[in-house]
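Report on the structure
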Amino acid sequence: MSDLAAEILIAVGLAFDLFGCIGLVRLPDVYNRVQAATKCVTLGTCLILAGTAVYGITGAMSIKAALCAVFLLLTSPVAAHAIARGAYKSGVRLWEGSVIDRYGEEVHPAGPPAERIEPAAQTEHTVAAGREPHE
Amino acid sequence: MTPFLAIVAGGLLLGAFLCLYRIGRGPTAPDRTVAIDILGTLVVGFCCVMAIWTGQDFYMNIAIAWALLSFIGTIALAKYLEGRQYNE
């Protein structure tokens, strides 16, 4: 009976993991990707860990799985927040279909940041800067 | 390996390949950082599958250590991204 419960938990966790990875591939923007992938994959892996804890071949395995799930729940949102903040500060623009930018209003109160460089222009600039020393 | 565990391992492997696609394709550096973070989380799930399959509990030690190192690496990459400005 507990084996069946563990297998259901692991199957649901696998489904969440796969949905998160599909979101990572399909969504248009860094910020969409980071929220979809982090939430889905964190929940999915925590469910797999919970299934391992319920399966419980040894007592130590159950305790370690529960510990790992708690640790993952604590660290994964912090990592996603840091990535999103770093992406915004390094000048990655939002998807053109985005409707609101609260963090940008807070950082640049004057209006939308017109001085920020497009990703295409910025790669061009990087390539040009990289070529300069050779020429 | 029971068929159920084989299906779970195959699904996690498929997710890992989707992450690798994003690492290779991602237009900006934060895309790759997100994909690396997700890949580390998937490896933790894979360690669970290996622990159930073999019945050895040291795989859970690997999972805990992997989660810790993945978190530290992601934070380091995020701080690096934050310090790097494209227009400077």
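Residues numbered from 1 in each chain as written. Chains lettered and ligands numbered in written order. Predicted model: local features only at pLDDT ≥ 70, side-chain atom pairs only at ≥ 80, totals over all residues. Heavy atoms only, no water.

1. Examining the overall build of chain B
Across its full length, chain B holds three helices and zero strands. Ordered by position from the N terminus, the helices and strands of chain B form the series α-α-α. The buried share among the 88 residues of chain B stands at 44%. Partitioning the intrachain contacts of chain B with sequence separation of at least 6 by distance along the chain shows that 46% fall at a separation of at least 24. (Helix = DSSP H or I, 4+ residues; strand = E, 2+ residues; numbered from the N terminus. Buried < 20%, exposed > 50% of the residue type's maximum accessible area, 1.4 Å probe, protein only. Contact = heavy atoms within 4.5 Å.)

2. Remarks on the overall build of chain A
Looking only at helices and strands, one finds five helices and zero strands in chain A. Listing the helices and strands of chain A from first to last along the sequence gives α-α-α-α-α. Pairs at least 24 apart in sequence give 64% of the contacts found in chain A among residues at least 6 apart. Surface summary for chain A: the accessible area is close to 7,500 Å², and the carbon and sulfur share equals 66%. (Areas by Shrake-Rupley, 256 points an atom, 1.4 Å probe, with all protein chains shown as cover.)

3. Let's talk about the interface of chain B and chain A
Facing the 46 residues of chain B at the interface are 45 residues of chain A. Of the roughly 4,100 Å² buried at the junction of chain B and chain A (both faces included), carbon and sulfur atoms supply 77%. Salt-bridge contacts for A:Arg85 lead to B:Glu82; the nearest nitrogen and oxygen are separated by 2.5 Å. Across the chain B-chain A interface, the total number found is five residue pairs in polar contact (both at pLDDT 80 or more). When contributions to the side of chain B that touches chain A are tallied by element, the ones reaching two or more residues are α1 (3–25), α2 (29–54) and α3 (58–83) of chain B. Classifying every residue of the side of chain B that touches chain A gives 28 nonpolar, twelve polar and six charged. (Buried area = accessible area lost by both parts, 1.4 Å probe. Salt bridge = Lys/Arg side-chain N within 4 Å of Asp/Glu carboxyl O. Polar contact = N/O pair within 3.5 Å; in protein donor to acceptor, adjacent residues only side chain to side chain. Nonpolar A, V, L, I, M, F, W, Y, C, P; charged D, E, K, R; others polar.)

4. Some remarks on the pattern of salt bridges
Inspection of the entire model under this criterion finds three salt bridges over all chains. Put simply, B:Asp31 and A:Arg33 hold a salt bridge, and the shortest N to O gap is 2.4 Å. With B:Asp31 in helix α2 and A:Arg33 in helix α2 (residues 30–55), the pair connects residues from two separate chains. Owing to a relative accessible area of 2%, B:Asp31 belongs among the buried residues under this scheme. Classification of A:Arg33 as buried rests on a relative accessible area of 7%. Residues B:Glu82 and B:Lys79 are paired through a salt bridge, measuring 3.8 Å at the closest nitrogen-oxygen approach. Note that B:Glu82 and B:Lys79 are positioned in helix α3 at a spacing of three residues, about one turn of the helix. Here B:Glu82 falls in the buried class, since its relative accessible area comes to 16%. Within the structure, one salt-bridge network assembled from shared partners comprises A:Arg85, B:Lys79 and B:Glu82.

5. Some thoughts on helix α1 (residues 2–26) of chain A
Here α1(A) is 25 residues long and its end C-alpha atoms lie 36 Å apart, about the 36 Å a rise of 1.5 Å per residue gives. Burial in α1(A) covers these residues: A:Ala6, A:Ile10, A:Gly13, A:Leu14, A:Asp17, A:Gly20, A:Cys21, A:Gly23, A:Leu24 and A:Val25. Where the residues of α1(A) are buried, they touch α2 of chain A together with α1 and α2 of chain B. (Expected span 1.5 Å × (residues − 1).)

Purely geometric numbers; function is a separate question.
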